[in-house]
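Fold and contact review
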Amino acid sequence: MATKFNNIVYHSKKEARYAQDLSLRKKAGDIKDWKRQIPFKLIVRDKLVATYIIDFAVLNNKDEWEYIEVKSHGTETPYWKLKYKLFRILYPLLNARVEY
């Protein structure tokens, strides 16, 4: 169910709450910055297979980016699982995780 936070519509209440938490963490100085909906091209053998859009990128206080996908248990579709697996294979050096 889509939910608004700061006049931005998020895909779920959980995602909107995560954005709200990141905003509070930035104000508190716990993180430096954050972005949402970051696209990654999934290219195999010079062909664009799909684009994977991860929910959040967080710049921590060590100047390292962390990439976070926010999911509720049971919302992982087979299509999402495949795209996420391909994303992890093609971008192995990124600090990425799924938050449940």
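Whatever comes next refers back to the structure up there.
**As for the overall build of the protein chain**
Secondary structure assignment for the protein chain yields two helices and six strands. Reading the protein chain from its N end, one meets helices and strands in the order β-β-α-β-β-β-α-β. By its C-alpha atoms, the protein chain is 45 × 35 × 20 Å across when sized along the principal axes. Looking at the protein chain as a whole, 36% of its 100 residues are labelled buried. Within the protein chain, counting contacts between residues at least 6 apart in sequence, those at least 24 apart form 47% of the total. When the accessible surface of the protein chain is split by element, carbon and sulfur atoms take 54% of a total near 6800 Å². Positive and negative side-chain charges in the protein chain, numbering 20 and 12 respectively, have mean positions lying 5 Å apart.

**Things to note about the sheet that holds strand β6 (residues 95–99)**
As summarised here, the arrangement of the four strands in space is β3-β4-β5-β6, forming an open sheet in which the pairing is mixed. Strand pairing shows two members of the sheet lacking a second neighbour, β3 (31–44) and β6, which therefore form its edges. When the angles between neighbouring strand axes are averaged without regard to direction, this sheet yields 35°. Across the sheet, helix α1 (residues 13–28) is in contact with β3, β4 (47–60), β5 (65–70) and β6; its angle to β3 comes to roughly 130°. With respect to the sheet, helix α2 (residues 78–90) is in contact with β3, β4, β5 and β6, its orientation differing from that of β4 by roughly 75°.

**Quick word on the environment of K26**
Relative to the assigned elements, K26 resides in helix α1. As for K26 and T75, which are separated by 49 residues in sequence, their C-alpha atoms are 28 Å apart. If sequence neighbours within four positions are ignored, K26 has contacts with I31, K32, D33 and W34.

**What about the pairing of β4?**
In this structure, β3 lies alongside β4, joined through 12 bridges in antiparallel fashion. In the sheet register, K35 faces β4, and the bridge partner there is A57. In sequence, β3 turns back onto β4 through a hairpin of two residues, with R45 there showing a positive phi of about 50°. Linking β4 back to β5 in an antiparallel pair, the connection comprises four residues, with D63 at a positive phi of about 60°.

**Observations concerning the environment of N61**
As for its position among the elements, N61 is in the loop between β4 and β5. Along the chain, N61 and V9 lie 52 residues apart, while their C-alpha atoms are 27 Å from each other. In contact with N61, other than residues within four places in its own chain, are G29, D30, I31 and K32. From its side chain, N61 meets the backbone oxygen of G29 in a polar contact 2.9 Å long. Here D30 takes part through its backbone oxygen, which lies 2.9 Å from a polar atom of the side chain of N61.

Calculation criteria
Residues numbered from 1 in each chain as written. Predicted model: local features only at pLDDT ≥ 70, side-chain atom pairs only at ≥ 80, totals over all residues. Heavy atoms only, no water. Helix = DSSP H or I, 4+ residues; strand = E, 2+ residues; numbered from the N terminus. Buried < 20%, exposed > 50% of the residue type's maximum accessible area, 1.4 Å probe, protein only. Contact = heavy atoms within 4.5 Å. Areas by Shrake-Rupley, 256 points an atom, 1.4 Å probe, with all protein chains shown as cover. Lys, Arg positive; Asp, Glu negative; His and termini not counted. Charge placed at Lys NZ, Arg CZ, Asp CG, Glu CD. Pairing = 2+ DSSP bridges. Axes fitted to C-alpha atoms, helices over the stretch in contact; angles between N-to-C directions. Polar contact = N/O pair within 3.5 Å; in protein donor to acceptor, adjacent residues only side chain to side chain.

This is a description of form; function is not addressed.
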